[in-house]
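Spelled out, the chains give:
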Amino acid sequence: MRTDHMLTRLERVFARLDREPERPAHLQTPRMSRHRVVLLGSTLAFYLAIVVAVLTTSWLVRLDWQIMFFRPYEQWPQLHAFLDYLVVLGQRGPTAVMVAAWLGWRSWRQHTLRPLITLGVALLLLNVTVGAVKIGLGRLGPHYATEIGSAELFAGGDIFPSGHTANAVVTWGILAYLASTVVTRRVLSVVSAVVSLSVGATTVYLGTHWVSDVLLGWTAGLLILLALPWFEPLVARAEAYVFELRELLRRRLEEGRVSEPVAAALTPLLSAGGKWQLRRNAEAPAPVPATAPANPQAQAAGQPAANTATGHGPTPRPAAHLTTRPHVIRSERTPVTPVGSRRPPHTERTTARGTPARPIAGG
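Given the structure is predicted, the values throughout are model-derived calculations rather than measurements.

Cut-off values and rules
- Residues numbered from 1 in each chain as written.
- Predicted model: local features only at pLDDT ≥ 70, side-chain atom pairs only at ≥ 80, totals over all residues.
- Heavy atoms only, no water.
- Helix = DSSP H or I, 4+ residues; strand = E, 2+ residues; numbered from the N terminus.
- Buried < 20%, exposed > 50% of the residue type's maximum accessible area, 1.4 Å probe, protein only.
- Contact = heavy atoms within 4.5 Å.
- Areas by Shrake-Rupley, 256 points an atom, 1.4 Å probe, with all protein chains shown as cover.
- Expected span 1.5 Å × (residues − 1).
- Salt bridge = Lys/Arg side-chain N within 4 Å of Asp/Glu carboxyl O.
- Core = buried A, V, L, I, M, F, W, Y, C linked by side-chain atoms within 4.5 Å.
- Phe/Tyr/Trp six-rings, centres within 6.5 Å; stacked < 30°, edge-to-face > 60°.
- Lys NZ or Arg CZ within 6 Å of the ring centre and 35° of its normal.

Peer 1: Tell me about the overall build of the protein chain, residues and numbers included.
Peer 2: A tally of helices and strands in the protein chain yields 13 helices and zero strands. Listed by position from the N terminus, the elements making up the protein chain come as α-α-α-α-α-α-α-α-α-α-α-α-α. Put simply, the protein chain has 363 residues, and 32% of those count as buried. Summarising the internal contacts of the protein chain: among those between residues at least 6 apart in sequence, 72% fall at separations of at least 24. By element, 62% of the accessible surface of the protein chain is carried by carbon and sulfur atoms, the whole surface being about 24,100 Å².

Peer 1: Give a description of helix 11 (residues 232-255) that names residues and reports values.
Peer 2: Relative to the 34 Å expected for 24 residues at 1.5 Å per residue, helix 11 spans 35 Å between its end C-alpha atoms, a close match to the ideal helical length. Among all positions in helix 11, only E232, V235, E239, F243, R246, R250 and L253 are buried.

Peer 1: Tell me about the pattern of salt bridges, residues and numbers included.
Peer 2: Scanning the model with the defined rule gives three salt bridges in all. Linking D64 and R139 is a salt bridge whose minimum nitrogen-to-oxygen distance equals 3.1 Å. Taken together, the residues D64 in helix 3 (residues 59-70) and R139 in the loop between helix 7 (114-137) and helix 8 (163-177) connect sequence positions 75 residues apart. R139 matches D64 in its accessibility class, with the two residues each being buried. Across the pair R114 and E232 runs a salt bridge, and its minimum N-O distance is 3.2 Å. Of this pair, R114 sits in helix 7 while E232 sits in helix 11, and the two are 118 residues apart along the sequence. Taken as a pair, R114 and E232 share a single burial class, namely buried.

Peer 1: Hey, could you go over the nonpolar core for me, with residue numbers and the actual values?
Peer 2: Grouped together as the largest cluster of nonpolar side chains are 41 residues, with contacts concentrated most on V99, L103, L126, F160 and I174. Those elements that place two or more of their residues in this core are helix 2 (34-55), helix 3, helix 6 (92-110), helix 7, helix 8, helix 9 (182-206) and helix 10 (211-227). In terms of residues, this core owes the most to one element, helix 8, which gives eight residues. Counting five residues, the second largest nonpolar core, distinct from the first, contains L113, I117, V235 and F243.

Peer 1: Summarise the side chain of T118; cite the residues concerned and give the values.
Peer 2: Relative to the helices and strands, T118 resides in helix 7. T118 has contacts with I174, Y177, L178, L228 and V235, leaving out every residue within four places of it along the chain.

Peer 1: Describe the packing of aromatic side chains, listing the residues and the values that go with them.
Peer 2: Per the counting criterion, the structure on display carries four aromatic pairs. Ring centres of W65 and F69 lie 5.7 Å apart, and the angle between their planes is 40°; on these two criteria the pair is classed as tilted. Taken together, the residues W65 and F69, both in helix 3 and four residues apart, mark about one turn of the helix. A ring pair is formed by W65 and W210, whose centres lie 5.1 Å apart and whose planes are at 50°; its orientation type is tilted. Here the residue W65 occupies a position in helix 3, and W210 occupies one in the loop between helix 9 and helix 10, the gap between them amounting to 145 residues. With respect to burial, W65 and W210 carry one shared label: buried. Clustering of aromatic rings is evident, with ring pairs tying together W65, F69 and W210. The lysine or arginine in question, R139, covers the ring of F160, its NZ or CZ lying 5.2 Å from the ring centre.

Spelled out as structure tokens, the structure:
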């Protein structure tokens, strides 16, 4: 019953997505305007300036060490328990699940897969760009620093830029990016900014990141959000491809070119209300019933029975016929327990008459 209920709900979801993607009139796809291009260029310049400042061990690195020696977690220990939970808002796993659940509901309401695909593209860009810089620079964190005043670069670390901070900017900022109205976009922009700033400051308080790590994490996440309109054509093509793939699977189900076990699993997902069924190319003829022998005694004696129509000759047997029952895989067959022992007989232990030989006394 529970499985049937889940399949029914899946059918309702895919039946709603089966309609043509229709967006409300007020839902507009963000475009790469001149203002956005200028903001993107300024953010990129700030990003490069932070990297150069760390590479040259400038005043920014000295600020990192001063705050590290200040030890904020010792100055305000009463905040430690609360901030341990707050920093979870920057972890990729929990935040991605929460935001994906919300955007999945949005996709169902708006009959489009664009919110979920946009989230996937943003997270992919985040992993590639931030991960590449982390591995390339190899900076160590404050807890693993080895030389006072050093930038701790190319030492095998993966702390620069801050992944928590960049993930908070992208994951919560994507909600503002996909907002339906201008008012909602402004409110969500403020909320995402507050969450991102809080997560970045919390990592500095806990001593897991330098200040420059957090600054670069904020900048990296903002760059991804500003560059997303360039990937809107890719999102549209991916959405069209998903719907085309679904239609292709549906046509194959109609033509019967999919095996029955696979069809049984795909039909509830690809059907709208369960109305799509498999069409067989050719129906198998009905089985011909076997004719009773005219002379049972002759058949028992091994003689062919006479034909009842002509009075002579054996009765022709009906042609062999393949039934339409589904093929039973080996794991579904009833196991057969072998009768008797599987050990081979020992001929040297038996006599000619087959009776077991007794041991010779005194041997």
